[in-house]
Amino acid sequence: MTTKNILVLGVGNFLLSDEGVGIHVAQQLQTQSLPSDVEVIDGGTGGFELISYFSGRKKVIIIDAVDGDCEPGTVLRFTPEDLNIAWRPSLSAHQTSVEELLHFSKELSPPPEVVVIGVIPKETRRLSTSLSKTVKKQIPNIVAAVLKEISILAPSPLDEAACLAKPSEGFPVA
């Protein structure tokens, strides 16, 4: 099996509205014509097993809903180095968080470059496969941010984010 150099991994819970934004973006990217060295995967609510997709990659782009002090719909870009991740063993490999995946990705040899495109959700407690209007209107911006990461020049409709993001939460995509 040939491993493609770039992995785009959409993660989240598709059944909890904005918590599933990574899945929605991955599904949209899967319909687009991307370079042959890019693989897009719907990681769902996968746990530690997702680390197996990182092996042999040069770059991994994770799309997920993230907590932060910014307005809902704000799109953030950050790397594991931007976060202060203190690894704490979890009780189960089935409950592995994205933070733990970021931590363990550094242990791969060679480690891939990892970038997270995070979105501040508006609704995560509503049982729905639909995104809130606030997050849904950001899908083109999220896709543009991912395309920029894989070096496809795409017009970027990103608005200037009026957000004072903390380094532990990422930085507004500009």
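Above this text you will find the structure in question.
Please read all numbers here as calculations on a predicted model, not as lab measurements. Starting afresh in each chain, residues are numbered from 1 along the sequence in its written order. With the structure being a predicted model, the display of local features is reserved for residues of pLDDT at least 70 and the display and counting of side-chain atom pairs for 80 or more, all residues being used for whole-chain, interface and lining totals. Just so you know, side-chain values use all the structure's heavy atoms and leave hydrogens and water out.

Trainee: Got a minute to help me understand the overall build of the protein in this structure?
Mentor: Only DSSP runs of H or I reaching four residues or more are called helices, and only runs of E reaching two or more are called strands; each is numbered from the N terminus. Across its full length, the protein carries 4 helices and 6 strands. Each helix and strand of the protein, placed in order from N terminus to C terminus, yields the pattern β-α-β-β-β-α-β-α-α-β. For the protein, the residues scored as buried account for 47% of the 174 residues in total. Contact criterion: two residues are considered in contact whenever any of their non-hydrogen atoms come within 4.5 Å of each other. Restricting the contact set of the protein to residue pairs at least 6 apart, pairs at least 24 apart contribute 76%. When the accessible surface of the protein is summed, it comes to about 9,400 Å², and 52% of that surface belongs to carbon and sulfur atoms. Buried means the residue's accessible area, taken with a 1.4 Å probe over protein chains only, is under 20% of the maximum for its type, while exposed means over 50%, and partly exposed covers the values in between. Areas reported here follow the Shrake-Rupley algorithm with a probe of radius 1.4 Å; residue values treat only the protein chains shown as occluding.

Trainee: I tried to follow the packing of helix α1 (residues 21–30) against helix α4 (residues 139–149) on my own but got confused; where do I start?
Mentor: Helix axes use the C-alpha atoms of the stretch in contact, all axes being lines fitted to C-alpha atoms, and the angles between their N-to-C directions lie in the range 0 to 180 degrees. Across the interface, α1 lies against α4 with an axial gap of 10 Å and an inter-helix angle of 65 degrees. One way to sum up the angle between α1 and α4 is to call them roughly perpendicular. For the element pair α1 and α4, the recorded crossing hand is right-handed. On α4, the residues touching Val21, His24, Val25, Gln28 and Leu29 of α1 are Ile139, Ile142, Val143, Val146 and Leu147. Each angle gets one of four labels, with under 35 degrees taken as roughly parallel, over 145 as roughly antiparallel, 65 to 115 as roughly perpendicular, and the rest as oblique. Less than a right angle of anticlockwise turn of the near helix away from the far helix marks a crossing as left-handed, whereas a clockwise turn marks it as right-handed.

Trainee: Would you explain α4 in this entry?
Mentor: Each turn of an α-helix holds 3.6 residues, which means side chains three or four residues apart point in the same direction. Along α4, 9 of the 11 residues are buried, which leaves the element largely enclosed by surrounding structure. Turning to α4, its buried residues are Ile139, Asn141, Ile142, Val143, Ala144, Ala145, Val146, Leu147 and Glu149. Structurally, α4 contributes buried residues whose contacts are with β1 (6–11), α1, β3 (59–65), β4 (75–78), β5 (113–119) and α3 (133–136). After α4 finishes, the residue Ser151 shows a positive phi value of roughly 65 degrees.

Trainee: When you look at α1 in this model, what are you seeing that I'm missing?
Mentor: Buried residues dominate α1, accounting for 7 of its 10 residues. Those residues of α1 that sit buried are Val21, Gly22, Ile23, His24, Val25, Ala26 and Leu29. Those residues of α1 that are buried are in contact with β1, β2 (38–44), β3, β5, α3 and α4.

Trainee: Help me understand the pairing of β3 in this model?
Mentor: The side chains of a regular strand alternate between the sheet's two faces. The buried fraction of β3 is high, at 7 of 7 residues. What you see with β3 is no split at all: Lys59, Ile61, Ile63 and Ala65 on one side and Val60, Ile62 and Asp64 on the other are buried throughout. Note on pairing: DSSP must find at least two bridges between two strands before they are called paired. Strand direction decides the pairing type here: β1 and β3, joined by 5 bridges, are parallel. Note on β3: the bridge partner recorded for Ile6 is Lys59. Where β3 and β5 come together, 7 bridges link them in parallel fashion. Bridge assignment links Ile62 to a residue of β5, and that residue is Val116.

Treat this as a map of the structure, not an account of what it does.
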